[in-house]
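Okay, here's what each chain looks like letter by letter:
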Amino acid sequence: EQYGRAVLERVPPNATLLVQGDINCHAIRYLQACEGVRPDVRYLDQVLMSFDWYQSQQAPYLERQGIRFPGTKLGGINPPPPMYS
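Residues numbered from 1 in each chain as written. Predicted model: local features only at pLDDT ≥ 70, side-chain atom pairs only at ≥ 80, totals over all residues. Heavy atoms only, no water.

Chemist: Looking at this structure, how should I read helix α2 (residues 22-35)?
Modeler: Because each turn of an α-helix spans 3.6 residues, side chains separated by three or four positions in sequence point in the same direction. Relative to the 20 Å expected for 14 residues at 1.5 Å per residue, α2 spans 18 Å between its end C-alpha atoms, a close match to the ideal helical length. When we look at burial in α2, the residues that qualify are C25, A27, I28, L31 and Q32. Looking at the residues trailing α2, positive phi occurs at G36, about 70°. (Helix = DSSP H or I, 4+ residues; strand = E, 2+ residues; numbered from the N terminus. Expected span 1.5 Å × (residues − 1). Buried < 20%, exposed > 50% of the residue type's maximum accessible area, 1.4 Å probe, protein only.)

Chemist: Would you take a moment to explain unusual backbone geometry for this structure?
Modeler: Glycine aside, negative phi is the norm for most residues, and most peptide bonds take the trans geometry. Positive phi values are uncommon outside glycine, yet N14 reaches one of about 60°. Here N14 lies in the loop between α1 (2-10) and β1 (16-19). Phi at R38 is positive, roughly 45°, even though this residue is not glycine. Mapped onto the elements, R38 comes out in the loop between α2 and β2 (42-45).

Chemist: Explain the packing of aromatic side chains here, please?
Modeler: The geometry of an aromatic ring pair is captured by the separation of the ring centres together with the interplanar angle, meaning the angle of the planes. Per the stated rule, a full pass over the model turns up two aromatic pairs. Look at W53 and Y54: their rings are 5.7 Å apart centre to centre, the planes differ by 85°, and that puts the pair in the edge-to-face class. Ring pairing ties together the aromatic residues F51, W53 and Y54, which thus form one cluster. When the ring centre of Y61 is taken as origin, the NZ or CZ atom of R42, which lies over that ring, is 4.1 Å away. (Phe/Tyr/Trp six-rings, centres within 6.5 Å; stacked < 30°, edge-to-face > 60°. Lys NZ or Arg CZ within 6 Å of the ring centre and 35° of its normal.)

Chemist: Help me understand the pairing of β1, please; the structure alone is not making it clear to me.
Modeler: Consecutive side chains along a regular strand alternate between the two faces of the sheet. Side chains L17 and V19 project from β1 onto a buried face, and the interleaved T16 and L18 project onto a face without burial. Both β1 and β2 contribute to a ladder of four bridges, which runs parallel. Paired with T16 across the two strands is R42, which belongs to β2. In this view, the connection linking β1 to its parallel neighbour β2 by way of α2 has right-handed handedness. (Pairing = 2+ DSSP bridges. Right-handed = clockwise from strand over helix to strand, strands pointing away.)

As structure tokens, then:
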């Protein structure tokens, strides 16, 4: 819990965090869902971003925020065609 609070206290309003690992994700998830800490902060689980279902779930948020990732498996929404073939 202390780790999650330390992270959430230091990010700017409406921040998007890229997190990886159960401790990081669960600490933030617990604080937001159970204690109402920093509901304005959005976190994206880098491991889950390799799954199509998670990408589809997060796509509307990413597009609204203008967030784009390179490639097709780390949250790439409508990635550009490859430069080399």
